[in-house]
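# A closer look at the structure
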Amino acid sequence: MLMYPCTFQKNVCLQQPSYGYIIATSLVCFNQPFYQHPRLGGLDKISLMGEKRDKGDYLALKDRIAIITGAGRGIGRATAQCFARQGARVVLFSRTRTDVLALFQQVKETYGRLDVLVNCAGIVAVRPFVQMDTTTWDHVLNINLRGTFLCCRESFRLMIPQHQGVIINLSSLSGVKGIEKFPGLSAYNVSKSGIAGLTEILAVEGKPHNIRVCAVSPGAVDTEMLRQAAPHLKAGMTPTELAEILLFLASDSGRMFSGSNIELFTNT
């Protein structure tokens, strides 16, 4: 295993396992293979690599460098597995401002490019609006919206010189105008609406540089966060099913999509 310790933040590092996938985290500096580390919840060699492939098999993201936030669980974890099976070199990490700057700098120094960013990291706080305190409000907006902004900005700084790239931001039907809203989710709804708006302007500014930017707004996805925040809601899709849609958008097959906020309704 090759280790790339980050000089900007002592607890940020990149790892390159011998089978070719890149894992990064700001949670801990690994001293063991990532697939044994409890914080990543079993992202093991088998689940990342998938079934053995023939030499001529088509891989939608072969050798592309992809950063995925929120990859320790739920949608982010499923997306990391899906992308890795399709040949991507996947970088996973959590987000603070220092972590973002350090990690993007390390990716630049190690690979010299970034092909795909998927912003999956997010939290929810359920609280009636009249009881909403500024600390909780700021925390949700910082993680969901400000974190997405920081990762998008640093991605643009890498993608503009290379004149290509794909950014996919995870919004939500909760942030879409006209869709039924649920009590207690004011901060979450505002953050997801902001992500949709940010995506639209980034698609405009990215177009001259061949950078595609899309948002995906799913309904209820079967994650632990949904079960804790809204146990009364029935999930309409699994994280794996959503990851397949994100894969399509990140690949060449999704090249016609930019500036779109893809709203995902289900039959359940």
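Rules of the game
Residues numbered from 1 in each chain as written. Predicted model: local features only at pLDDT ≥ 70, side-chain atom pairs only at ≥ 80, totals over all residues. Heavy atoms only, no water. Pairing = 2+ DSSP bridges. Helix = DSSP H or I, 4+ residues; strand = E, 2+ residues; numbered from the N terminus. Axes fitted to C-alpha atoms, helices over the stretch in contact; angles between N-to-C directions. Contact = heavy atoms within 4.5 Å. Expected span 1.5 Å × (residues − 1). Buried < 20%, exposed > 50% of the residue type's maximum accessible area, 1.4 Å probe, protein only.

Spatial strand order, β5-β4-β6-β7-β8-β9: six strands in an open sheet with parallel pairing. Looking at which strands have only one partner, the edges of the open sheet turn out to be β5 (89-93) and β9 (261-264). The sheet shows a mean angle of 15° between the axes of neighbouring strands, taken without regard to direction. Relative to strand β7 (residues 165-170), strand β6 (residues 116-119) is paired through four bridges, and the arrangement is parallel. Bridge pairing in β7 places Val116 opposite Val166. Across the sheet, helix α2 (residues 74-85) is in contact with β4 (65-69), β5, β6 and β7; its angle to β4 comes to roughly 165°.

This part takes up α2. Within an α-helix, residues lying three or four positions from one another point in the same direction, as the helix has 3.6 residues per turn. Given a rise of 1.5 Å per residue, 12 residues ought to cover 16 Å, and the 17 Å separating the end C-alpha atoms of α2 matches this to within 8%. Of all 12 residues in α2, nine are buried; the element is thus mostly enclosed. What α2 keeps buried is the set Ile75, Gly76, Ala78, Thr79, Ala80, Gln81, Cys82, Phe83 and Ala84. Once α2 ends, the next one or two residues include Gly87, with phi positive near 95°.

All we've got here are geometric facts, nothing functional implied.
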